[in-house]
Amino acid sequence: MIIMPDVRTCPIDADFDPLSEDYLDDPYAYQNAVRERGPIFYSPRLDMYVLTRYDDIEAVFKNPSVFSATIQQQPVFDLAPETKKILVEKFTTTAVMSDCDPPMHSRIRALNMKGFSARRIAALEPKVREKTVELIDKIEPGPVDMVAALSYPLPAFVVSTLIGFPEEDADQIKEWCGNRIEFSWGAPSEAEQAKVANNMVNYWEYCQRFVEYRKKNPADDFTSYLLAAHRDDPESISEYEIANVTFGLSFAGHETTTSLAGSALRRLLTRRSLWEEICADPSLIGGAVEEMLRYDSAVIAWRRRTTREVTVAGVDIPEGATVLLLLGAANHDPSHFENPDDIDIRRADAKTHLAFGKGIHFCLGAALARVEGRVILEELTRRAPGMTLLPQKFTFPRNISFRGPKELWVEWPSR
């Protein structure tokens, strides 16, 4: 049962709707508006306390004992009975790193951080570049959707290569992972829920089979690394947990990078002078990627659940309440960033954005995402500086957390 907060201490915004078409088109205008009204409010529509300012959100990330991550992967809205039945009977995966707390989180993350070592990321970069060039070489002059041509298949290839999935399974995995964002963070129909739930079951079973295969056929990939750690110390991570990690990692490492690349291209091509600047001086690309992460992040909101009553921004939040962190509002907070609604690819403090979170749950794949974003822009500015954005209506996944254009149409220049 929803318990409304005391209106004398906590503002209530019954109109806040992060699934409305206007919000999806431009969430930053809405997030900026609610941030200017105050640091916190309660949304009856979501049954969540919503935080809007950088300092408060950063403090939540840094206090995992009070603000638990266990809520993060759970669907925002209640699922249909048939969908619940499918998941209860067949979907046996449990929390992964993004939605578990210490001590389990500490144990598994320590192993995963070694798997995401600087050496492994550096070894992946040539493969990222080779695949980027291969995909670009397939593009023909004329109109092209850059999401379908590049920003979707490249991260899918990279995360599959990291995990060790066979490249020939890519299309099947893509089908299984489809619409997961709207399933967990949106409000899908009952028919769509059932379809996605069955796909999640199929993909989870695939991950379990793949771990069994890698036990007998080890290679130089992340799954084999985790299995070697298990053989050396079975208490460090179980085979079940390894399958769990591959399941979660393949989603987290794919969709967000696709969104980062699509949003970065959209923003840079819309502001033609910025595109021309990075074409003329590729040394600006690293800073441009950080500014894109700040300005139009792939993740604009995140969730936590309180483990006890806590006071934030003068408001008492009860134990067991869900807190929505408006990362987009934080990354546009003028108390932290000067002229935050301007894109400045030379911004000195852009890297202090919260796009990757903060604290113990800081995104494990941040370095890899930065490499992919940089390589994509380096190769596109080198090989297609004359590319132009076509007039179009952008559409986005209907959910409260993840943002990136579903399509991005450009005019590809003649060679």
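These numbers come from a predicted model, not from an experiment.

### Side note on the sheet that holds strand β9 (residues 388-389)
Argument step 1. Spatially, the three strands line up as an open sheet ordered β4-β10-β9, and their pairing is antiparallel. Strands at the two margins of the open sheet, each flanked by one partner only, are β4 (142-145) and β9.
Argument step 2. Here β9 runs beside strand β10 (residues 409-412); their pairing, made up of two bridges, is antiparallel. Within the sheet, the bridge partner assigned to Leu389 lies in β10 and is Val410.

### Structural notes on the nonpolar core
Argument step 1. Formed by 88 residues in total, the largest nonpolar core has its most connected members in Met146, Tyr203, Trp275, Leu380, Met387 and Trp412.
Argument step 2. When sequence neighbours within four positions are dropped, the list of residues in contact with Met146 reads Ile139, Ser151, Leu265, Leu380, Met387, Leu408, Val410 and Trp412.
Argument step 3. Membership of the second largest hydrophobic core comes to 43 residues, among which are Val34, Val50, Val76 and Leu327.

### Considering a negative patch on the surface
Argument step 1. Together, Glu338, Asp341, Asp342 and Asp344 make up a region of like negative charge exposed at the surface.
Argument step 2. On the accessibility criterion, Asp344 (34% relative accessible area) is partly exposed.

### Examining the environment of Lys127
Argument step 1. Mapped onto the secondary structure, Lys127 falls in helix α6 (residues 118-137).
Argument step 2. Remark: the alpha-carbon pair of Lys127 and Pro318, spanning 191 residues in sequence, is separated by 49 Å.
Argument step 3. Among residues more than four places away in sequence, those in contact with Lys127 are Phe157 and Thr161.

### Regarding helix α9 (residues 170-177)
Argument step 1. Within the span of α9, buried status applies to Ile173, Trp176 and Cys177. One face of α9 carries all of its buried residues, which in axial projection span an arc of 90°. Seen from the open side of α9, the exposed residues pointing more than 90 degrees away from its buried face are Asp171 and Glu175.
Argument step 2. One or two residues past the end of α9 sits Asn179, with phi positive at roughly 65°.

### Quick word on the sheet that holds strand β3 (residues 67-68)
Argument step 1. If you walk across this open sheet you meet the five strands as β1-β2-β8-β5-β3, and the pairing is mixed. Each end of this open sheet is capped by a strand with a single partner; those strands are β1 (40-43) and β3.
Argument step 2. Across four bridges, β1 lies against strand β2 (residues 48-51) in antiparallel orientation. Its bridge partner being in β2, Ser43 is matched across the sheet by Met48.

### Describing unusual backbone geometry
Argument step 1. The backbone phi angle of Asp47 is positive, close to 55°, even though this residue is not glycine.
Argument step 2. Here Asp47 lies in the loop between β1 and β2.
Argument step 3. A relative accessible area of 33% means that Asp47 is categorised as partly exposed.
Argument step 4. Although it is not a glycine, Asn339 adopts a positive phi angle of roughly 45°.
Argument step 5. Residue placement: Asn339 occurs in the loop between α16 (327-331) and α17 (366-383).

Rules and cut-offs
Along each chain, residue indices are assigned from 1 in the same order as the chain's sequence is written. Only residues with pLDDT of at least 70 are given local features in this predicted model, and only at 80 or more are side-chain atom pairs given and counted; all residues enter the totals for whole chains, interfaces and linings. Side-chain numbers here rest on the full set of heavy atoms in the structure, without hydrogens or water. When DSSP finds two or more bridges between a pair of strands, those strands are recorded as paired. Each helix corresponds to a stretch of at least 4 residues labelled H or I by DSSP, and each strand to a stretch of at least 2 residues labelled E; elements are numbered beginning at the N terminus. We define the nonpolar core as a collection of buried residues of types Ala, Val, Leu, Ile, Met, Phe, Trp, Tyr and Cys that are connected through side-chain atoms lying within 4.5 Å of one another. Note on classification: 1.4 Å probe, protein chains only; a residue is buried when its accessible area is under 20% of the maximum for its type, exposed when over 50%, partly exposed between these limits. Should any heavy atoms of two residues lie within 4.5 Å, those residues are considered in contact. For patches, a residue must show more than 30% relative accessible area and have no salt bridge; joins then use 9 Å for like charges and 5 Å for nonpolar side chains, namely Val, Leu, Ile, Met, Phe, Trp and Tyr. What sets the accessible areas is the Shrake-Rupley method with a 1.4 Å probe; for residues, cover comes only from the shown protein chains. What makes a salt bridge here is a side-chain nitrogen of Lys or Arg within 4 Å of a carboxyl oxygen of Asp or Glu, nothing more. Working convention for charge: Lys and Arg count positive, Asp and Glu count negative, and His plus the chain ends are omitted. Charge coordinates come from a single atom per side chain, which is NZ of Lys, CZ of Arg, CG of Asp or CD of Glu. The directions considered for the arc are those from the helix axis to the C-beta atoms.

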